[in-house]
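The lines below spell out each chain.
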Amino acid sequence: MRTFSGNSFGLVLVLISLLTVFGLTLTEVFSFDIFWQLQSGKYMWETGSILRQDTFSLASEVGRIEHCWLHDVVVYLVWKLGGYPGISFLKAGLVTLTAALLMMAARIRGASWWAILAVAPWALLQTRGGWQERPQLWTFLGVALFLYLYAKARTSNLKFLWFLVPVTLLWANLHGGAVLAFPLFLAFFVGELLHFGVNRNERSAKGLYLLLAVSAVAGAAACLTPYGAHLFDILPKASSLGASSGVVDQVYNQDWRNTDLSGWPNLKWSLVGIPVLFLLNWRSIRWAELCVWGGLAIMSLKLERHQPIYFFALVALLPPYLTLLGERLSRIKENAGLQFALRLRPLAAIAVTITLCWVTASSSFGFFGFFEPGLRSFRYPDKAASFVLEQQLPGNLFNSYEWGGFLMWRLFPDYKVFFDGRQISRALFQDGLDVSYGKANWQEVFARHAVKTAVILPLSTDNGGRFGVVNVLRDSPDWALVYAEASTLVFVKRSEVSASWLLEYERPNTMVDDVVFELAGLFLEESPARYRAHWELAKINYSRELYREAFVETHTYLSAIPLDRQLKAAQNLYRSLYPIYGKELDEL
């Protein structure tokens, strides 16, 4: 495959696109999972032992395989050296290195810079849902290294395949996503087998034998973890992990949900357009690349969490075929219009890239920021954790699910959390959900787990709705609100603290609405998709006799949610206020 352009201007634009990706990923720490990973890394680094139980929660006797143990240690050491900005730089570096390796893989396969420019910025921005401080970043990098090293082996020296062994070894200790290494080996092998069937040359035969040898050694290397061959326990179940996680887990782990194509138009159109591109270049198809694309496409159709991997891979897979198509079109000499259009392809690539990136990046910029390292502090109960420690509030704790990791990072070993983002005990997880939703058995759950203090995030980070536990604790005569600031509410059981202490620290229940109101505004600034926050604002405005504001927020809420899911209370409030404020809204 030949290149039609080595234009240095194209290379400069590709480098600018990489710098843009770096800026868009050099953002504040906002993942909830990062903190249980920090605590796990700290524990392993300081004790020199590997986690084998759920050490930091009330289910501490439950067994635990920390498949990302090395990531935990790395991220803890990065934090020790550079604090939260260091973690931001680690995230940006891993995503940008992944992008660069994929571009290099495309270039090795003969792609022009213009073809890379036409695909990479758009495809990379589709991965923005994966730009979090989580060990999945190592899986993105692992896939990129596999595609890069396979491209090097295929185009220059087959011995590059041996580098896949240390890559697999490190990947298996950094993230359980290393299970993907073996489907990739299979895709490479099937591709080489098909290639050998067509060409039957000595190099193809050598490639087949070498792939088998490398796969076997890499498989052995993947067992060199503190947990042995756990990847091979996961491998047979990998295709059904989303379903096996169950409806309960998917309440919070939304990326385990099955993919709904109506909500992912870019995925849908890519699944239609890419086969057309392959067909237009069918004489030059690399069968392994087709197998990789097909496998990742199937994965993306099964689970939302696989989509970033799919779009990352497109950066390496598509540009060579766009380049080939451009070369074929350039050989049609008799069509002057076509030749003129082909001469404009650099400008067209730039225009398309800028347009797609502007549309896609605008939402990313608003949510993630740009060159903003550090910690998104309002998302975490930092001051509340200090309050719990300073006042030595009675344990055990109940905590909001999202905050389990942060609280174990701040409070262990003085306190163990109730549940968190990698909860192993399904029974405890269900208990946590029952309490969070304010179900009738909440007092029985608290009694069974001896809960005496509750640290609560009042609104869901998913849709912005209020958790039921806020209202049941506020209204219970047995519980007192003792902390209400920023995004956090802390309640304590009255019988567990002295009357004099309560006299000093108890807060009026009206402060619950103050915290909810402030947090709803912050959540909507981050993401307008948290539509139920509008309803929370509407209710509070109405209680404060701000009727016009209540009407506007109710209208926004009802406009954002399907009719069959709308709350009757919201519909009734809207109808009652419409005669007064509806005309003003209609005029607007």
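Keep in mind it's a predicted model, so treat the numbers as computed, not measured.

1. Considering the overall build of the protein
Helix and strand counts for the protein come out as 26 helices and 4 strands. A total of 588 residues make up the protein; the buried ones form 54% of that total. Pairs at least 24 apart in sequence give 73% of the contacts found in the protein among residues at least 6 apart. Working note: accessible area of the protein is about 25600 Å², and carbon and sulfur atoms make up 62% of it.

2. Comments concerning the pairing of strand E3 (residues 479-485)
Across the 7 residues that make up E3, a large majority, 6, are buried. Direction of pairing for E3 relative to strand E4 (residues 488-493): antiparallel, over a ladder of 6 bridges. Each residue of the ladder has a partner; that of glutamate 485, found in E4, is threonine 488. The loop that links E3 with its antiparallel partner E4 comprises 2 residues; one of these, alanine 486, has a positive phi angle of about 50 degrees.

3. As for the sheet that holds strand E2 (residues 453-456)
Spatial strand order, E1-E2-E4-E3: 4 strands in an open sheet with mixed pairing. Edge positions in the open sheet fall to strand E1 (397-399) and E3, since each of these has one partner strand only. The sheet shows a mean angle of 20 degrees between the axes of neighbouring strands, direction not considered. Across the sheet, helix H17 (residues 382-391) lies against E2, E3 and E4, angled at about 135 degrees from E3, the strand it touches most. Here helix H23 (residues 510-526) sits on the sheet and contacts E3 and E4; the angle it forms with E3, its principal contact strand, is near 35 degrees.

4. Some thoughts on unusual backbone geometry
Looking along the chain, the bond that leaves glycine 395 and enters asparagine 396 is cis, with omega of 10 degrees. With respect to the helices and strands, the residue asparagine 396 is situated in the loop between H17 and E1. In this structure, glutamine 392 takes a positive phi of about 50 degrees despite not being glycine. In this structure, glutamine 392 sits in the loop between H17 and E1.

5. A short note on the packing of aromatic side chains
By the definition in use, this model includes 46 aromatic pairs. Here the guanidinium or amino end of arginine 530 rests over the ring plane of phenylalanine 523, the centre of that ring lying 4.4 Å away. Its guanidinium or amino end placed over the ring of phenylalanine 517, arginine 544 lies 5.2 Å from that ring's centre, counting from NZ or CZ.

6. Considering the side chain of asparagine 173
Along the chain, asparagine 173 turns up in helix H6 (residues 164-174). The buried category is assigned to asparagine 173, whose relative accessible area is 6%. Here the side chain of asparagine 173 touches tryptophan 69 through a polar contact of 2.9 Å, side chain to side chain. Within the local environment of asparagine 173, its side chain forms a polar contact with the backbone oxygen of leucine 224, the two atoms lying 3.2 Å apart. Setting aside chain neighbours within four positions, we find asparagine 173 in contact with His67, Cys68, Trp69, Leu70, His71, Leu224, Thr225 and Pro226.

7. Notes on the confidence of the model for the protein
Of all residues in the protein, 88% attain a pLDDT of 70 or more, and the chain-wide mean is 88. For the stretch residues 1-6, pLDDT sits under 50, and the model shows 24 contacts to residues farther than four places along the chain or on other chains.

8. Digging into the environment of tyrosine 310
Mapped onto the fold, tyrosine 310 is located in helix H13 (residues 307-317). The exposure class assigned to tyrosine 310 is buried, which follows from its relative accessible area of 1%. Taking C-alpha positions, tyrosine 310 is 7.6 Å from tryptophan 293, a pair spaced 17 residues apart along the chain. Those residues in contact with tyrosine 310, other than ones at most four positions away along the chain, are Leu267, Ser270, Leu271, Ile274, Trp293, Leu296, Ala297 and Ser300.

Rules and cut-offs
Residues numbered from 1 in each chain as written. Predicted model: local features only at pLDDT ≥ 70, side-chain atom pairs only at ≥ 80, totals over all residues. Heavy atoms only, no water. Helix = DSSP H or I, 4+ residues; strand = E, 2+ residues; numbered from the N terminus. Buried < 20%, exposed > 50% of the residue type's maximum accessible area, 1.4 Å probe, protein only. Contact = heavy atoms within 4.5 Å. Areas by Shrake-Rupley, 256 points an atom, 1.4 Å probe, with all protein chains shown as cover. Pairing = 2+ DSSP bridges. Axes fitted to C-alpha atoms, helices over the stretch in contact; angles between N-to-C directions. Phe/Tyr/Trp six-rings, centres within 6.5 Å; stacked < 30°, edge-to-face > 60°. Lys NZ or Arg CZ within 6 Å of the ring centre and 35° of its normal. Polar contact = N/O pair within 3.5 Å; in protein donor to acceptor, adjacent residues only side chain to side chain. pLDDT = per-residue confidence, 0-100.

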